[in-house]
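Each chain is listed here by its residues.
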Amino acid sequence: SAVISQKPSRDICQRGTSLTIQCQVDSQVTMMFWYRQQPGQSLTLIATANQGSEATYESGFVIDKFPISRPNLTFSTLTVSNMSPEDSSIYLCSVVGQGRKTQYFGPGTRLLVL
Amino acid sequence: GESVGLHLPTLSVQEGDNSIINCAYSNSASDYFIWYKQESGKGPQFIIDIRSNMDKRQGQRVTVLLNKTVKHLSLQIAATQPGDSAVYFCAETLTDSWGKLQFGAGTQVVVTP
């Protein structure tokens, strides 16, 4: 399976600011995704990060709030913009390898907005 | 959809016993299912998967059962160990929609000595 790292692992931010989360994979992958996991809850897909083009967002998530980049096959960023306390969550990057066997998750970024 | 509320269903299991974790999935068209284990402070870890053309698949100490008639998935863990304490999620998807995983609410497994 691919080794996935995320930076930062955790952060505490003030409301109104923005945070960019990085996801790095140790091998080229077919697909990359960003999920949100609110406290004590399950995971929800935010968007599919498309290489070299705009991300595909799920219902309830918009580009202005969660801009995403994917400049190559091993790296993606998610920005949480104009943060409010409701954005306090774990943000997770996941990937599907080139063999398309299954989907693996990174360790997550734990965000607390005050 | 997302689970509601902050209280996950909890399964308390004695060390050495077998665990059975159940999941009802929502889309009858889903053809690929995954079980993940999430330990505190970590991301979900892949355990085992199953495709809709199968009704049972075995791994190391784990077995997944799929009943498409009632849209039910279960994960059996043999000889549960303290390291199995975690939250377990089932996820479903259509292989034509790779990545659009729909997650279940999750079950907290607590292994007691």
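Residue positions are counted from 1 within each chain, in the order its sequence is given. Here every chain gets a letter starting at A, and every ligand a number starting at 1, in the order they are written. Per-residue local features are limited, in this predicted model, to residues with pLDDT of at least 70; the limit for side-chain atom pairs, both in listing and counting, is 80 or more; totals at the level of whole chains, interfaces and linings are taken over all residues. Side-chain metrics rest on all non-hydrogen atoms present in the structure, leaving aside hydrogens and water.

## Here's the deal with the side chain of S94 of chain A
Summarising the element assignment, S94 of chain A is placed in strand β9 (residues 89-97). Residue classification places S94 of chain A among the buried positions, given a relative accessible area of 0%. Strands here mean DSSP runs of E at least two residues long; helices mean DSSP runs of H or I at least four residues long; both are numbered from the N terminus. Exposed residues in this analysis have more than 50% of their type's maximum accessible area, buried residues have under 20%, and partly exposed residues fall in between, with area computed by a 1.4 Å probe over protein chains only.

## Here's the deal with the sheet that holds strand β2 (residues 19-24) of chain B
All names here are of chain B. For two strands to pair, DSSP has to find at least two bridges joining them. One open sheet accounts for four strands, arranged β2-β7-β6-β5; its pairing is antiparallel. Unpaired on one side and paired on the other, β2 and β5 (56-58) mark the two borders of the sheet. On average, adjacent strands in this sheet sit at an angle of 15° to one another, irrespective of strand direction. Alignment of strand β6 (residues 62-67) against strand β7 (residues 72-77), held across six bridges, turns out to be antiparallel. Counted as the bridge partner of L65 is S74 from β7. Between the N-to-C directions of two axes lies an angle of 0 to 180 degrees, each axis being a line fitted to C-alpha atoms and, for a helix, fitted only over the stretch in contact.

## Here we look at the interface of chain B and chain A
Residues count as neighbours in contact if any of their non-hydrogen atoms are within 4.5 Å of one another. The interface of chain B with chain A comprises 24 residues on the first partner and 24 residues on the second. Buried area is a sum: the accessible area each of two parts loses on coming together, probed at 1.4 Å, counted once for each and added. Between chain B and chain A, roughly 1900 Å² of surface is buried when both sides are summed, and carbon and sulfur atoms account for 49% of that area. The rule for a salt bridge is simple: a side-chain nitrogen of Lys or Arg has to be within 4 Å of a carboxyl oxygen of Asp or Glu. The interface formed by chain B and chain A holds one salt bridge in total. Within the residue set of the side of chain B that touches chain A, elements represented by two or more residues are β3 (32-38) and β4 (45-51) of chain B. With four residues, the single largest contributor to the side of chain B that touches chain A is β3 of chain B.

## Focus on the packing of aromatic side chains
Think of it this way: a Phe, Tyr or Trp ring, Trp meaning its six-membered ring, pairs with another when their centres are within 6.5 Å, and the plane angle makes it stacked under 30 degrees, edge-to-face over 60, tilted otherwise. By the definition in use, this model includes 10 aromatic pairs over all chains. A centroid spacing of 6.2 Å and a plane angle of 80° characterise the contact between F89 of chain B and F103 of chain B, whose relative ring orientation is edge-to-face. One end of the pair, F89 of chain B, is in strand β8 (residues 86-93); the other, F103 of chain B, is in strand β9 (residues 102-103), with 14 residues separating them in the sequence. For F103 of chain B, a relative accessible area of 4% translates into the label buried. Here the aromatic cluster, defined as three or more aromatic residues joined through ring pairs, consists of Y35 and F105 of chain A together with Y36, F89 and F103 of chain B.

## Quick word on a nonpolar patch on the surface
A cluster of nonpolar side chains, namely I12, L112 and L114 of chain A, defines an oily patch on the protein surface of about 280 Å² accessible area. With relative accessibility at 46%, the residue L114 of chain A sits in the partly exposed group. Each patch is assembled from residues with relative accessible area greater than 30% and no salt bridge, linking like charges that lie within 9 Å and nonpolar side chains (Val, Leu, Ile, Met, Phe, Trp, Tyr) that lie within 5 Å. Only the protein chains shown count as cover for residues, and all accessible areas are computed by the Shrake-Rupley method using a 1.4 Å probe.

## Re the state of the cysteines
Disulfide: a pair of cysteine sulfur atoms within 2.5 Å of each other. Counting across every chain of the model gives two disulfides over all chains. The disulfide bridge from C23 of chain A ends at C93 of chain A, spanning 1.9 Å between sulfur atoms. Between C23 of chain A and C93 of chain A, the S-S torsion sits near -65°, and that sign places the bridge as left-handed. One end of the pair, C23 of chain A, is in strand β3 (residues 19-25); the other, C93 of chain A, is in strand β9, with 70 residues separating them in the sequence. For the residue pair C23 of chain A and C93 of chain A, the accessibility class agrees, reading buried in each case. Two residues share a disulfide in this structure: C23 of chain B and C90 of chain B, whose sulfurs sit 1.7 Å from each other. Of the two residues, C23 of chain B sits in strand β2 while C90 of chain B sits in strand β8, which places them 67 residues apart along the sequence.

Take it as geometry only, folks, not as evidence of what the structure does.
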